[in-house]
Amino acid sequence: MKKLLTCVAAVGCFVAFVSVAEARSAYDGSWDLIFVTQRGACDATYNFTVNITDGIVTHPNLVRLRGYVARSGAVRASVTVQDKFASGSGKLSSSSGRGTWSGYSGNARCSGYWTAQRN
């Protein structure tokens, strides 16, 4: 009985370890983003860096940023800063990415594309 409990405990630890290891994303790390406005009166470009951890997109100063990267590299994100809002989608590869975005700044509606490079 003691051996059975030890075996079950060991398997439980192994499963927990594998689950944590699988949570890591192939896209984890730091990424430089450039947003280019093609339509509308928003700023011509926006540049910033985000971090991806376990497929979740974050930025230390953007509290209202929500983003997720799927295993396929498909990415969706949105951000709100004061009277500005943008959302976008696209695809990441191992070292770069590209997609489209749309949003507004005050009353101005804007849209364009974004590119990403892994740091």
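Above this text you will find the structure in question.
Residues numbered from 1 in each chain as written. Predicted model: local features only at pLDDT ≥ 70, side-chain atom pairs only at ≥ 80, totals over all residues. Heavy atoms only, no water.

## Here we look at the pattern of salt bridges
What the rule picks out here adds up to one salt bridge. For Arg24, the salt bridge identified is with Asp28, shortest N-O distance 3.5 Å. For Arg24, a relative accessible area of 55% puts it in the exposed group. (Salt bridge = Lys/Arg side-chain N within 4 Å of Asp/Glu carboxyl O. Buried < 20%, exposed > 50% of the residue type's maximum accessible area, 1.4 Å probe, protein only.)

## Notes on the environment of Val57
Assignment of secondary structure puts Val57 in strand S3 (residues 56-58). The buried category is assigned to Val57, whose relative accessible area is 8%. Along the sequence, Val57 and Trp31 sit 26 residues apart, while their C-alpha atoms lie 9.7 Å from each other. Discounting chain neighbours no more than four positions away, the residues touching Val57 are Val50, Asn51, Ile52, Leu65, Gly67, Tyr68 and Val69. (Helix = DSSP H or I, 4+ residues; strand = E, 2+ residues; numbered from the N terminus. Contact = heavy atoms within 4.5 Å.)

## Section: the pairing of strand S5 (residues 74-81)
One ladder, built from five bridges, connects strand S4 (residues 65-69) with S5; its direction is antiparallel. Residue pairing in the sheet places Val69 in a bridge with Val75 of S5. Where S4 folds back on S5, the antiparallel hairpin that results is connected by four residues, among which Gly73 adopts a positive phi of roughly 100°. Between S5 and strand S6 (residues 84-92), which pair antiparallel and follow one another directly, the connecting turn spans two residues, one of which, Gln82, has a positive phi of 50°. (Pairing = 2+ DSSP bridges.)

## A few points about the state of the cysteines
Taken as a whole, this structure holds one disulfide when the rule is applied. Shown here is the disulfide that connects Cys42 with Cys110, its sulfur atoms set 1.7 Å apart. A torsion of 90° about the S-S bond marks the disulfide between Cys42 and Cys110 as right-handed. Of this pair, Cys42 sits in the loop between strand S1 (29-39) and strand S2 (45-53) while Cys110 sits in strand S8 (residues 108-118), and the two are 68 residues apart along the sequence. For the pair Cys42 and Cys110, a shared accessibility class is recorded, and that class is buried. (Disulfide = S-S within 2.5 Å.)

## Re the packing of aromatic side chains
Counted according to the given criterion, the structure contains three aromatic pairs. Measuring from ring centre to ring centre gives 6.4 Å for Phe35 and Trp101, while their planes differ by 70°; the resulting arrangement is edge-to-face. With Phe35 in strand S1 and Trp101 in strand S7 (residues 96-105), this residue pair connects regions lying 66 residues apart in the sequence. Note on accessibility: Phe35 and Trp101 belong to one class, buried. Every member of this aromatic cluster is reached through a ring pair, and the members are Phe35, Phe48 and Trp101. (Phe/Tyr/Trp six-rings, centres within 6.5 Å; stacked < 30°, edge-to-face > 60°.)

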